[in-house]
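Descriptive analysis of the structure
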Amino acid sequence: MTNKTTATNKVRPILCIELLKTFSPTELKNLEKVLSFEYFNTDDWIQKLLKALEKHVLNSGVFDDEKQCKVYQEVFEHLPTPEGVLKKNERDWLNKNLNKLIRMAELFLSIQELKKNNYHKCDLLYPELLARKQYQLFNRHINKDKKTLDKRDNKGVEYYRQKYKIEKAVRDYLYQSGRFLTKEDNLSDLIQNLDMYYALDKLALYITALSMRHVPDKGKYDLSSMETIAPLLDLPQYIDTPLIVLHRATINLMKTESETAYFDLLNYLDQYEPIVPTDALKGFYTVTVNHFVGQITRGRLDYNGKMFDLYKIMDKKNLLADKDFIPVVKLKNVVTVSCRVKEYEWATNFIERYRMYIREDIRDSVCHYNLGTIAFHQKDYATAHSKFIQVGKVNRTYDINVRAMILKCLYEKEKDYNDYTMQSFRSAKQFFRENKSLPTKTRMSYTNFIKILIPLYRLRHDINKTQADIERLKEKLNKQKINSHRGWLLEKIQELEHKIK
């Protein structure tokens, strides 16, 4: 129950409190209602424990010795008042009830999901109706669920999964009622829906595995079993199915990275978009974006414009946000590409339009960073710097990027050589070199950036610099296999060359 320190000196979270912190005020009230029903809960102490945690812990997130004593005293008021720190038997007693509470919280989440989603009837209700031989009621549910599914325009993997489960339940009904062998069977529908569910699920996994190849420090995956699905996909009843066509086109683009594969996928997306589920559509467009990223990395800078146009399409089709949430890394990527093609006004409006989709606790920091990025590309380095220094902790991507952007602002702003600026460069180099939590390639990429930035800064303010000095620095940069800001460094080196000439 208590916050224990592990061998790595990390505080182990209290799972019950971590889970309850994710509950909305409405969910907490509904959890209280569940606890008040004797059918679900007969322990009054758990109700008191939830109220005490709401009062003292959930808002602050702190459950130190003082808070533990307060909670213990309010819940177990019939027991002696604890003094300063809970004794072992008191901790054990509180821990026992926290474990009971987390079980009830999990039960509440399951009940809530059942209320939101009828899909679970296949696993929970249908077998029970068949066991009780309630065939008329069973068929009423089955017929209703089939009609609901058949009305769908967008039929993805979840559609076929549900259709397969329904047909499986129908098969069980036919067996149990004695109709399967004598009157009717549904094997054709069962097989077809299982094939589609299996094929689409496996293709989606294949795409995920291919995309993970570019993640730093990830191992290789054995994808040999994925190739065995091809004969199934080539069957006449499946080969022209829109979702299978789109998945195969996506995989072809990821494997070949060819222009032909890219245009094939875009054409299929235009053709089949009205009947493709939104989640699947987002995935296909994301693969296309990643294809552009790969081309830009290889020096095809003309792809920045294509990538910006694709982001505008995704924005127009509401494919950038997930319901009421936008991943902050995706927002950063959209703004960065917009700046590369000098669409500053569009990027600023984009940030404002999506501001409310950013998690509230990091919203200001995310907006400061991206507005700073726009100012930096407009060469307003003072404004950019003022934005970047207001960025708090967001995630690892933002944290390391904002460090680099502040260094670039310092380089651009300084009119004269400054020892404090040089010390900032050295401190940042030490941070990236010694930060073992970063992937090895990331750590090396940013360390290499600063290894070039430091002599570049010296050369910029050296009135005696020569072309030979600049050539040596350029050669050093070219020898580096990875560098997080190679393009910007080359641009600054070229500026020094122009000054000398």
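Every residue gets a number counted from 1 within its own chain, in the order that chain's sequence is written. Where local features are concerned, this predicted model is filtered to residues with pLDDT of at least 70; where side-chain atom pairs are given and counted, the filter is 80 or more; whole-chain, interface and lining totals use all residues. To get the side-chain values, all heavy atoms of the structure are used, and hydrogens and water are removed first.

1. What about the packing of aromatic side chains?
Let me state the cut-off plainly: For Phe, Tyr and Trp, rings pair up if their centres lie within 6.5 Å, where Trp contributes its six-membered ring, and each pair is then called stacked (planes under 30 degrees apart), edge-to-face (over 60) or tilted (otherwise). Burial here depends on accessible area, computed with a 1.4 Å probe over protein chains only, as a share of the maximum for the residue type. Under 20% is buried, over 50% is exposed, and the range in between is partly exposed. The helix count covers DSSP runs of H or I at least four residues long, the strand count covers runs of E at least two residues long, and both are numbered beginning at the N terminus. Whether a charge sits over a ring comes down to the Lys NZ or Arg CZ being within 6 Å of the ring centre and within 35 degrees of the ring normal.
Within the structure shown, the criterion is met by 29 aromatic pairs. Pairing Phe431 with Phe432 gives two aromatic rings, centres 5.1 Å apart and planes at 75 degrees, and the pair type is edge-to-face. Accessibility expressed as a relative area gives 25% for Phe431, which makes it partly exposed. Of the residues examined, Phe432 reaches a relative accessible area of 0% and is grouped as buried. Measuring from ring centre to ring centre gives 6.3 Å for Phe449 and Trp488, while their planes differ by 65 degrees; the resulting arrangement is edge-to-face. Of the two residues, Phe449 sits in helix H23 (residues 440–460) while Trp488 sits in helix H25 (residues 486–500), which places them 39 residues apart along the sequence. Each member of the pair, Phe449 as well as Trp488, is classed as buried. An aromatic cluster is present here, built from Tyr411, Tyr417, Phe425, Phe449, Tyr457 and Trp488 joined pairwise through their rings. Positioned over the ring face of Trp346 is Arg353, at 5.9 Å from the centre of the ring.

2. As for the nonpolar core
Threshold: The criterion is simple. A nonpolar core is a set of buried Ala, Val, Leu, Ile, Met, Phe, Trp, Tyr and Cys residues joined through side-chain atoms within 4.5 Å. In this analysis, two residues are considered to be in contact whenever any of their non-hydrogen atoms come within 4.5 Å of each other.
Counting residues in hydrophobic clusters, the biggest one holds 116 residues, and the most contacted among them are Leu331, Phe350 and Phe425. If we ignore the near neighbours within four places in the chain, the residues touching Phe425 are Leu407, Leu410, Tyr411, Ile450, Leu453, Ile454 and Tyr457. Within the second largest apolar cluster, 31 residues are counted, among which are Leu28, Leu58, Leu94 and Met104.

3. Quick notes on the packing of helix H17 (residues 328–340) against helix H19 (residues 363–377)
Counted only if it meets this: Axis angles are defined between N-to-C directions and span 0 to 180 degrees, where every axis is a line fitted to C-alpha atoms and, for a helix, only to the segment in contact. Any angle between 65 and 115 degrees counts as roughly perpendicular, while under 35 counts as roughly parallel, over 145 as roughly antiparallel, and the rest as oblique. Handedness of a crossing is defined here by the sense of rotation of the near helix relative to the far one, left-handed for an anticlockwise turn of less than a right angle and right-handed for a clockwise turn. Gly falls in the polar group here, along with every residue not listed as nonpolar (Ala, Val, Leu, Ile, Met, Phe, Trp, Tyr, Cys, Pro) or charged (Asp, Glu, Lys, Arg).
It is at 9 Å that the axes of H17 and H19 come closest, and there the two elements cross at 15 degrees. Judged by the angle between their axes, H17 and H19 are roughly parallel. Relative to H19, the crossing made by H17 is right-handed. When H17 is examined against H19, the residues Val328, Leu331, Lys332, Val335, Thr336, Cys339 and Arg340 are found in contact with a partner set consisting of Val366, Tyr369, Asn370, Thr373, Ile374 and His377. Taken together, the residues that form the contact of H17 with H19 break down as seven nonpolar, four polar and two charged.

4. Structural notes on the pattern of salt bridges
Formally: What counts as a salt bridge is simple: a side-chain nitrogen of Lys or Arg found within 4 Å of a carboxyl oxygen of Asp or Glu.
This model, assessed by the stated rule, comprises 31 salt bridges. Here the residues in one salt-bridge network are Glu412, Glu491, Lys492 and Glu495, joined through shared partners.

5. A few points about unusual backbone geometry
Of note in this structure, Lys342 is not a glycine but carries a positive phi near 65 degrees. Within the secondary structure, Lys342 sits in the loop between H17 and helix H18 (344–354). In this structure, Lys379 is a non-glycine residue whose phi angle is positive, near 65 degrees. Relative to the assigned elements, Lys379 resides in the loop between H19 and helix H20 (381–388).

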